[in-house]
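Reading the structure
Residue-level listing of the chains:
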Amino acid sequence: MDDLYREVIIEHYKNPTYRGVLDPHDISFEDENPLCGDQIRIDLRVNDAGVVTEAAFSGHGCAISQASADLLLESIVNKPLEEVKKISKQDLLDLLGLENLGPVRLKCALLSLKVLKAGIYGLGETDDLLVEEEE
Amino acid sequence: MSQTLNVDQIRKDFPILSRRLHGNKALVYLDSTATAQKPVTVIRAMEDYYNQTNANIHRGVHTLAEEATAAYEGARERIAKFIGARHAREVIFTRNTTESINLVAYSWARKNLVSGDVVILTEMEHHSNLVPWQILADERGIRLEFIPVTEEGELDLLTYQNLLELRPKLVAFSQMSNVLGTINPAREIIEMAHRAGAVTLIDGAQSVPHLPVDVQQLGADFLAFSAHKMCGPTGIGVLYGRRDLLEAMPPFLGGGDMIKRVTLRSFSPNELPHKFEAGTPAIAEVIGFGAAVDYLIQMGMNNIAAHEHAITRYALDRLSEISGLKLIGPSAEKKGGVCAFTMEGIHPHDIAQLLDREGIAVRAGHHCAMPLHQRYGLPATTRASFYLYNTFDEVDLLAEALERAKELFG
């Protein structure tokens, strides 16, 4: 029916590996997309060496936003935070295998990355600049 | 097919409806509640104005200025007649419903309400009839109360009756919900409010495009609506106000055209309706709005309402056959052409996306009514809405596409 809803997206939406909450956690952040009400919270546990040992996301939203969160967390476990900070918008889109997302759906795809980065940087709120590509 | 409108003929009046999308799929436009499509008469009226007449209004004495003024004021008169106003001067042009409600909140309410005064709203309001009053509540200590919405999607009028004992100064409500489709008993709500001594404001953004609305018959004090939801252009709307109320209100925005006389330190306001229309208005849009009203009158508001009623009943039947699909809002008799629903296991955003790929335009989200969605415990819904140009075949296409979406996520 649609090339946007590739199997990997439907699969991660329906059977996410990283859905849940971590309590206690070292880093936790939550935000929503005011356009559609999608909401994502991400919790991380980080060891003394600054490496992500566990990650979980919760909240609700469309298949794109939820699958994106699951794939993103899959990609950061066992990685140092310094490396996680460098994940770009394009990296995430590559994980999703999506190209040419329209401006509205792009926000769905990038919500998890915004939440993750705002959490790691200890910011009070997310900002679109966190996921903008450096030109 | 409906007996009341020649929908095949009507569709030819809307150039956009022959557009094809995504590999030659016909556009199925089911998002008129967000904004309606425009007939060629509206587009041409605005084009003709710019090609033949363009001039600023009210001041110039040259031919173009006179023609432009006549076209602008002529549209006002036809719009006034369309809603049953006694005088054209009771029709104030604004940008849209939102600005109309803000005008009442800034001008009427700030003059007439003091700390502790009660304003009654409802749980089914669009943000445009909530936020202006929340701003006022913060600023002035106004107390907001809400008529609850029942599980079936109707206003709980018994609770309303009790709320009226608080002697509210204002009751502001939507005549038709943009999510539930519920048509509220406006006349009854207004009569009850008046008996309690309150002034009333109708958010007519959804009702005026789809139902015959007569301000005198309703006893309305204020009525707000937008052109773009009734086949007219964006950027132009109306605040209808009872003349005595408008006369007693201070100006909203200050500037040109709203004054009679200005000195360096003072001004005296112009007469109605100009007192509330500061600056050069959206002239072409007003002329387009007039053409939209002409078009709706020609089709007949009763016919439009009957067609939408029939198509909505059919849509509710078709959609409720889909397992896992849950509709919100009342039964067909009590609502206009709006069907909001959820589907088990598929987020509304994904539904809207999948439908789009089949050429079907619907809306997904909270439809600027977050508190209403909170009331039903839903983060979002998918909404299909109908207008005079929609067909029963389009409802079938919608239902079939939803079945396919279900399979994909199944």
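What you see is a predicted model, and the numbers here were worked out from it, not measured in a lab.

Topic: the overall build of chain A
Of regular secondary structure, chain A possesses five helices and three strands. Here chain A holds 135 residues, and 41% of them are scored as buried. The contacts of chain A with a sequence gap of at least 6 include a subset with a gap of at least 24, amounting to 61%.

A closer look at the environment of Asp91(A)
All names here are of chain A. Following the sequence through the fold, aspartate 91 ends up in helix α4 (residues 89-96). The partly exposed category is assigned to aspartate 91, around which 13 C-beta atoms lie within 10 Å. C-alpha of aspartate 91 to C-alpha of isoleucine 10: the two residues are 81 residues apart in sequence and 19 Å apart in space.

Examining the domain arrangement of chain B
The figure often quoted for interface size is the accessible area lost as the parts come together. Residues and elements named next belong to chain B. According to the domain assignment, chain B contains domain 1 (7-30 + 300-409) and domain 2 (43-298). Measuring from the centre of the C-alpha atoms in domain 1 to the corresponding centre in domain 2 gives 28 Å. Taken together, the 22 residues of domain 1 in the interface contact 22 residues of domain 2. Listed by contribution, the elements that provide at least two residues to the side of domain 1 that touches domain 2 are α12 (301-320), β14 (338-343), α14 (370-375) and β17 (381-385). Per-element accounting of the side of domain 1 that touches domain 2 gives the leading share, five residues, to α12. Its residues assigned to classes, the side of domain 1 that touches domain 2 shows 11 nonpolar, six polar and five charged.

Brief notes about the nonpolar core
In this structure, Ile83(B), Tyr240(B), Ile287(B) and Ala292(B) are the most contacted members of the largest nonpolar core, which totals 123 residues. If you tally residues by element for this core, the top one is helix α11 (residues 283-299) of chain B, at 11 residues. A domain-level breakdown of this core finds at least three residues from each of domain 1 (7-30 + 300-409) and domain 2 (43-298) of chain B. Apart from residues lying up to four places away in sequence, Ile287(B) is in contact with Ala45(B), Met46(B), Tyr49(B), Ala71(B), Tyr72(B) and Ala75(B). Counting 36 residues, the second largest nonpolar core, distinct from the first, contains Ile9(A), Ile42(A), Ala67(A) and Leu72(A).

Some points on helix α5 (residues 103-120) of chain A
Residues and elements named next belong to chain A. Between its terminal C-alpha atoms α5 stretches 25 Å, which fits the 26 Å expected from 18 residues at 1.5 Å a residue. The sharpest bend along α5 measures roughly 45° and falls at leucine 110. α5 sits mainly inside the fold: 14 of its 18 residues count as buried. Just downstream of α5 lies glycine 122, where phi reads positive at about 65°.

Description of the interface of chain B and chain A
Listed by partner, the interface residues are 15 residues for chain B and 14 residues for chain A. At the level of secondary structure, the elements contributing two or more residues to the side of chain B that touches chain A comprise α13 (348-356), β16 (363-365) and α15 (392-409) of chain B. Here the residues of the side of chain B that touches chain A are counted per class, giving seven nonpolar, five polar and three charged.

Describing the sheet that holds strand β9 (residues 222-226) of chain B
All names here are of chain B. Reading across from one edge, β4-β10-β9-β8-β7-β5-β6 is the order of the seven strands in this open sheet, with mixed pairing throughout. Pairing within the sheet leaves two strands with one partner each, and these edge strands are β4 (91-94) and β6 (143-147). When the angles between neighbouring strand axes are averaged without regard to direction, this sheet yields 20°. Of the strand pairs in this sheet, β4 and strand β10 (residues 237-241) are connected by four bridges, and their pairing is antiparallel. What sits directly across from threonine 94, in β10, is glycine 237.

Some details on the packing of α4(A) against α5(A)
Residue and element names in this part refer to chain A. At a closest axis distance of 10 Å, the pairing of α4 and α5 adopts a crossing angle of 120°. The angle between α4 and α5 falls in the class oblique. Crossing handedness for the pair α4 and α5: right-handed. Between α4 and α5, the residues in contact are Lys89, Leu92, Leu93 and Leu96 and Ala109, Leu110 and Leu113, respectively.

Considering the packing of helix α1 (residues 7-14) of chain A against helix α2 (residues 63-76) of chain A
Residues and elements named next belong to chain A. Packing of α1 against α2 brings their axes to within 8 Å, and their N-to-C directions diverge by 80°. Here α1 is positioned roughly perpendicular relative to α2, judged by the angle of their axes. Counted together, Ile9, Ile10, His12 and Tyr13 of α1 and Ala63, Ile64, Gln66, Ala67, Asp70 and Leu71 of α2 form the full contact between these two elements. Of the residues assigned to the contact of α1 with α2, the class counts are seven nonpolar, two polar and one charged.

The rules we used
Residues numbered from 1 in each chain as written. Chains lettered and ligands numbered in written order. Predicted model: local features only at pLDDT ≥ 70, side-chain atom pairs only at ≥ 80, totals over all residues. Helix = DSSP H or I, 4+ residues; strand = E, 2+ residues; numbered from the N terminus. Buried ≥ 20, exposed ≤ 12 C-beta atoms within 10 Å, placed from the backbone. Contact = placed C-beta atoms within 7 Å. Domains from an automatic or database assignment. Nonpolar A, V, L, I, M, F, W, Y, C, P; charged D, E, K, R; others polar. Core = buried A, V, L, I, M, F, W, Y, C linked by C-beta atoms within 7 Å. Expected span 1.5 Å × (residues − 1). Bend = angle between axes of the 7 residues up to and from the residue. Pairing = 2+ DSSP bridges. Axes fitted to C-alpha atoms, helices over the stretch in contact; angles between N-to-C directions. Parallel < 35°, antiparallel > 145°, perpendicular 65-115°, else oblique. Left-handed = near helix turned anticlockwise from the far one by under 90°.

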